[in-house]
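# Remarks on the overall topology
Each chain, letter by letter, is given below.
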Amino acid sequence: MPTTRTKRRRDTRRGRRIAKLGNFHRWARTCYNIRDKKRKLGPLRLNRVQEKLDELESELRIRRGRHQRVLIYVLKGRQGGITTYEQAKALHTIWKKPGKTAFTLADTDANMRKIFEITRRARDNFPKDLLFKVGGAGRTEITFPSRDAFFWTGTAGSKRTGHSITLDRMHG
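Note that this is a predicted model, so its numbers are computed, not measured.

### A look at the overall build of the protein chain
A tally of helices and strands in the protein chain yields five helices and six strands. The secondary structure elements of the protein chain, listed N-terminal to C-terminal, are α-α-β-β-α-α-β-α-β-β-β. Sorting the 172 residues of the protein chain into buried and exposed places 39% on the buried side. Sequence separation of 24 or more characterises 67% of the internal contacts of the protein chain that already satisfy a separation of 6 or more. In the form shown here, the protein chain has an accessible surface area of approximately 11400 Å², with 51% of it arising from carbon and sulfur atoms.

See below:
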């Protein structure tokens, strides 16, 4: 049974690691695993399209102010990695700060399941010492109850999708 002092020391080390991983690029390489084009599991390394989108978002946040809402509309081609990038950014958002919410909207139930599979795989392969206690294993959600943070995935056709929630990040 760990002593209070040992537990405090472990919590302090964890807190330092979390602070270092506030940077999205470092966090993605350390915590977010995806299947690559060859179907191998490995860390997310942003491609050129994802890096450009991340630069644009950062630039807009600086220009508009940290707490102002930034909207980016992307007319995306297939296989550019935008959805993978957005799933990673959403999970990073709820992991990094308590009280945050994120939502991904899919056009069909089948696509919703495919998209959520990206996030489920990342959660299942997340470094255990950095993963907060996960809430009930929802079919299309990830929650960190101790942080009051939620990430949902839903479809446009669902009657309850998006009702009575305020979002910090949305992809759809």
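After that view, the rundown keeps rolling.
### Considerations on the nonpolar core
In terms of nonpolar packing, the biggest core is built from 28 residues, with Trp27, Tyr32, Leu91, Ile94, Phe126 and Phe144 touching the most fellow members. At the level of secondary structure, the elements contributing two or more residues to this core comprise helix H2 (24-31), helix H4 (82-96), helix H5 (109-124), strand S4 (141-144) and strand S5 (149-155). With residues near it in sequence (within four places) discarded, leucine 91 still touches Trp27, Tyr32, Phe126, Ile142, Phe144 and Phe151.

### Some points on the packing of H4 against H5
How two helices pack is summed up by the angle between their axes together with the distance between the axes. H5 packs onto H4 with a crossing angle of 50° between their chain directions and a minimal axis gap of 10 Å. The pairing of H4 with H5 is recorded here as oblique in orientation. Considering the relative orientation of H4 and H5, their crossing is right-handed. Contacts between H4 and H5 involve Thr83, Thr84 and Gln87 on the former and, on the latter, Ile115, Ile118 and Thr119. Of the residues contributing to the contact of H4 with H5, the split by class is two nonpolar, four polar and no charged.

### Description of the pairing of S5
Burial of S5 is extensive: five of the seven residues sit out of reach of the surface. Bridge count for strand S3 (residues 101-106) against S5 is six bridges, and the pairing is parallel. Paired with alanine 106 across the two strands is threonine 155, which belongs to S5. Of the strand pairs in this sheet, S4 and S5 are connected by four bridges, and their pairing is antiparallel.

### Brief notes about the side chain of aspartate 54
Within the secondary structure layout, aspartate 54 lies in helix H3 (residues 48-64). Judged by relative accessible area, aspartate 54 falls into the buried class, the value being 7%. Within polar-contact distance, the side chain of aspartate 54 engages the side chain of lysine 89 at 3.1 Å. Apart from the residues lying within four places of it in its own chain, the contact partners of aspartate 54 are Phe24, His25, Leu46, Tyr85 and Lys89.

### Examining the packing of aromatic side chains
The tally for this structure, following the rule as stated, stands at nine aromatic pairs. Arranged with centres 5.8 Å apart and planes meeting at 85°, the rings of phenylalanine 24 and tyrosine 85 form a pair that is edge-to-face. Residue phenylalanine 24 is located in helix H2, and its partner tyrosine 85 is located in helix H4; the two are separated by 61 residues in the primary sequence. On the basis of relative accessible area, phenylalanine 24 is assigned to the buried category, the value being 6%. Seen from their ring centres, tryptophan 27 and tyrosine 32 are 5.7 Å apart, and the 40° between their planes marks the pair as tilted.

### Examining H2
Every buried residue belonging to H2 is among Phe24, Trp27, Ala28 and Cys31, and all of these are buried. Summarising the axial view, the buried residues of H2 lie within an arc of 100°, below the 170-degree limit, and thus occupy one face. Contacts made by the buried residues of H2 are with strand S1 (33-35), strand S2 (41-43), H3, H4 and H5. Between the side-chain oxygen of the N-cap and the backbone nitrogen of histidine 25 there are 2.9 Å, and the N-cap of H2 in question is asparagine 23.

The rules behind these values
Residues numbered from 1 in each chain as written. Predicted model: local features only at pLDDT ≥ 70, side-chain atom pairs only at ≥ 80, totals over all residues. Heavy atoms only, no water. Helix = DSSP H or I, 4+ residues; strand = E, 2+ residues; numbered from the N terminus. Buried < 20%, exposed > 50% of the residue type's maximum accessible area, 1.4 Å probe, protein only. Contact = heavy atoms within 4.5 Å. Areas by Shrake-Rupley, 256 points an atom, 1.4 Å probe, with all protein chains shown as cover. Core = buried A, V, L, I, M, F, W, Y, C linked by side-chain atoms within 4.5 Å. Axes fitted to C-alpha atoms, helices over the stretch in contact; angles between N-to-C directions. Parallel < 35°, antiparallel > 145°, perpendicular 65-115°, else oblique. Left-handed = near helix turned anticlockwise from the far one by under 90°. Nonpolar A, V, L, I, M, F, W, Y, C, P; charged D, E, K, R; others polar. Pairing = 2+ DSSP bridges. Polar contact = N/O pair within 3.5 Å; in protein donor to acceptor, adjacent residues only side chain to side chain. Phe/Tyr/Trp six-rings, centres within 6.5 Å; stacked < 30°, edge-to-face > 60°. Arc of directions from axis to C-beta.

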